[in-house]
Each structure stands twice: as C-alpha cells, then as structure tokens.
Amino acid sequence: MRLILLHSPLLGPLTWQGVAQGLTGRGLAAVAPAWTPLTDISGDFYATLAKTMARTIEDVGDDPVILVAHSGAGALAPATAQALSVPVIGTILVDAILPHPSLSWLDTAPPALRQDLTLGSQGGELPSWDAWWPPGALDRLVPDPALRASLLAELGPLPLAYFEEPAPPGALSGPGGYLQLSGAYEDQAQAARDMGWRVRRLQLNHLSPLTAPREVAGMIQALSREIAVDVHG
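Fair warning: this is a prediction, and the values are worked out from it, not measured in the lab. (Residues numbered from 1 in each chain as written. Predicted model: local features only at pLDDT ≥ 70, side-chain atom pairs only at ≥ 80, totals over all residues. Heavy atoms only, no water.)

Further remarks concern the nonpolar core. If you look at the biggest cluster of nonpolar residues, it comprises 55 residues, and the most contacted ones within it are Leu 67, Trp 132, Tyr 162, Phe 163 and Tyr 178. If one sorts the elements of this core by residue count, helix α2 (residues 45-59) sits on top with six residues. With 22 residues, the next largest nonpolar core counts Leu 3, Ala 20, Leu 28 and Ile 66 among its residues. (Core = buried A, V, L, I, M, F, W, Y, C linked by side-chain atoms within 4.5 Å. Buried < 20%, exposed > 50% of the residue type's maximum accessible area, 1.4 Å probe, protein only. Helix = DSSP H or I, 4+ residues; strand = E, 2+ residues; numbered from the N terminus.)

A few words on the pattern of salt bridges. All told, the structure shown has three salt bridges when counted by the stated rule. The partner of Arg 148 in a salt bridge is Asp 139, with the nearest N and O atoms 3.1 Å apart. By relative accessible area, Arg 148 is classed as buried at 16%. The closest approach of N and O atoms between Glu 226 and Arg 200, which form a salt bridge, is 2.9 Å. Placement of the pair is Glu 226 in helix α11 (residues 213-232) and Arg 200 in strand β8 (residues 198-201), with a sequence separation of 26 residues. (Salt bridge = Lys/Arg side-chain N within 4 Å of Asp/Glu carboxyl O.)

A few words now on α2. Between the first and last C-alpha of α2 there are 21 Å, a value that for 15 residues agrees with the 21 Å anticipated at 1.5 Å per step. Residues Phe 45, Tyr 46, Leu 49, Ala 50, Thr 52, Met 53, Ala 54 and Ile 57 constitute the buried set of α2. Summarising the contacts, the buried residues of α2 are in contact with β1 (2-6), β3 (65-70), α3 (77-83), β6 (158-159) and α8 (160-164). (Expected span 1.5 Å × (residues − 1). Contact = heavy atoms within 4.5 Å.)

Working note: regular strand, side chains alternate between the two faces of the sheet. Burial runs high along β3: six of the six residues are buried. Neither face of β3 is exposed, since Val 65, Leu 67 and Ala 69 on one face and Ile 66, Val 68 and His 70 on the opposite face are all buried. Pairing of β1 with β3, which is carried by five bridges, proceeds in the parallel orientation. Bridge assignment links Ile 4 to a residue of β3, and that residue is Leu 67. Both β3 and strand β4 (residues 88-94) contribute to a ladder of six bridges, which runs parallel. Looking at β4, one finds that His 70 is bridged to Val 94. Tracing the backbone out of β3, into α3 and back to the parallel element β4 gives a crossover that is right-handed. (Pairing = 2+ DSSP bridges. Right-handed = clockwise from strand over helix to strand, strands pointing away.)

Further remarks concern the side chain of Thr 52. One can find Thr 52 in helix α2. For Thr 52, a relative accessible area of 18% translates into the label buried. Within the local environment of Thr 52, its side chain forms a polar contact with the backbone oxygen of Leu 49, the two atoms lying 3.1 Å apart. (Polar contact = N/O pair within 3.5 Å; in protein donor to acceptor, adjacent residues only side chain to side chain.)

This part covers the packing of aromatic side chains. The final tally for this structure, using the stated rule, is seven aromatic pairs. Geometrically, the ring pair formed by Tyr 46 and Tyr 162 is stacked, given 5.8 Å between the ring centres and 25° between the ring planes. Highlighted residues: Tyr 46 in helix α2 and Tyr 162 in helix α8, separated in sequence by 116 residues. Residue Tyr 46 shares its accessibility class with Tyr 162, and that shared class is buried. Measuring from centroid to centroid gives 5.2 Å for Tyr 162 and Phe 163, while their planes differ by 80°, and the two rings are edge-to-face. For Tyr 162, a relative accessible area of 1% puts it in the buried group. Overall, the relative accessible area of 0% leaves Phe 163 in the buried class. Joined through ring pairs, the aromatic side chains of Phe 45, Tyr 46, Trp 105, Trp 132, Tyr 162 and Phe 163 make up one cluster. (Phe/Tyr/Trp six-rings, centres within 6.5 Å; stacked < 30°, edge-to-face > 60°.)

Tracing the backbone shows Ala 83 in helix α3. Counting along the chain gives 22 residues from Ala 83 to Trp 105, while the straight-line C-alpha distance between them is 21 Å. Every residue in contact with Ala 83, bar those within four places of it in the chain, is listed here: Ala 50, Lys 51, Ala 54 and Glu 58.

From the geometry alone we can't say anything about function, so treat these as descriptive.
Pasting the structure below:
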C-alpha cells in the first residue's frame, strides 16, 4: 500500500514534503508528487491533470494506493483515481473541498470570493493564491520566514479557465476519511460525516501539512490503517 499525497493545484508540492518524510519514517510508503502547473495546460484541465499525475504515480510502482488530497486537490481525486491502472483502495481528504461533479470551482465558491476573483482577473488570469488572503494572514499561518518564502516561490498567476471548467462525473474511490484542520472546512467535514466517512479534527490551520507535518502525518497514518482494515478485514 502506498500513500499518494496530492497537493492543491493552487500551491506546490512543498505543502506535503514534510508529511511524506514523516510517514516514510513511520515505515509507510508515501510520496508527494507535483501536478502539472496549471499555466502549462491549455484546456481540459481535470483530464490533463489526472492523466499526467497517473503516469507519475504508476512510474513508481504498482502497489494499491490511498489518495490523500489537500485543499483544492479534493476535487481532482475522482478523476485521478479513474485514470490510474493501479487499485485505489481509499481516499483521505485533508481540509479539502469535496468533489463537485458537473460544477465548476467557481460554482462552489462563496459568492463574495467568487465575485472578488472574477473582478480581479486580468487577461484570463487570477492572482497567485497568496494574494487571495487578507494582509498578514499568510504570515500568521506560516510564521517561519524561510518556510514562507519557499511556499511563495512555488506560486504564480492562475488561469481563470481552470476555475470555470465543470468537474467531470465521478466519485471517490474506496472507503473515505476526512481530516479537518481549520474552521473554514467545517461544512465539508460535516458533509463527509453525513456520508458515513471517518472524520477527525486537529485544531491547527489550513497549511498545517506544511507547518505541523508530524501531527498531520500521525493522523493520516491512523486513518490509512483504518481504511486498510476496512479493505482487508
């Protein structure tokens, strides 16, 4: 069994690297691959992202996998699972949006955020993810200056077309788990609970995979073990 840690396509793979190292140190097979940058894709974003990620995952082995998706990667998990030729035995969402088949990212966003982003787009581009936050917010989430600089180095403008594209049909694979890190994802966690998923809560923040990898790795390990028991008995 391998754990594939999927970072938000609005961020970079640094988000998961500390957690991947922590899981590996616990004796688990875990990798944190990078999505194709959104700016390198001209259209059909979900299918292109899923296919290129599937090739990356399959290049490192054919063991069954659990997909672990953070933030916006939750919407990409079904398409990624469908694109894989290796078995996906479960999915863990970490402070992530739930899949929204037939709806775009903008369709599911709060009205105020949707309006701000649409009005702030220029030439078909949105500002990088850090510009979406109020002044000082990112400093509080990632107080270490060097770590914050590394996070920012992976960011850039984002194509508006990605946020306007409806997600393809598809559901999550296998038993599901949800790890809530921040209050902003209470509704998503409750929806997961209503679907019968295991839901766990850490009183941290949305970027805690980056800033508190030990705690997040421990909870992912626990959820993955429970999923494995469900699958194998």
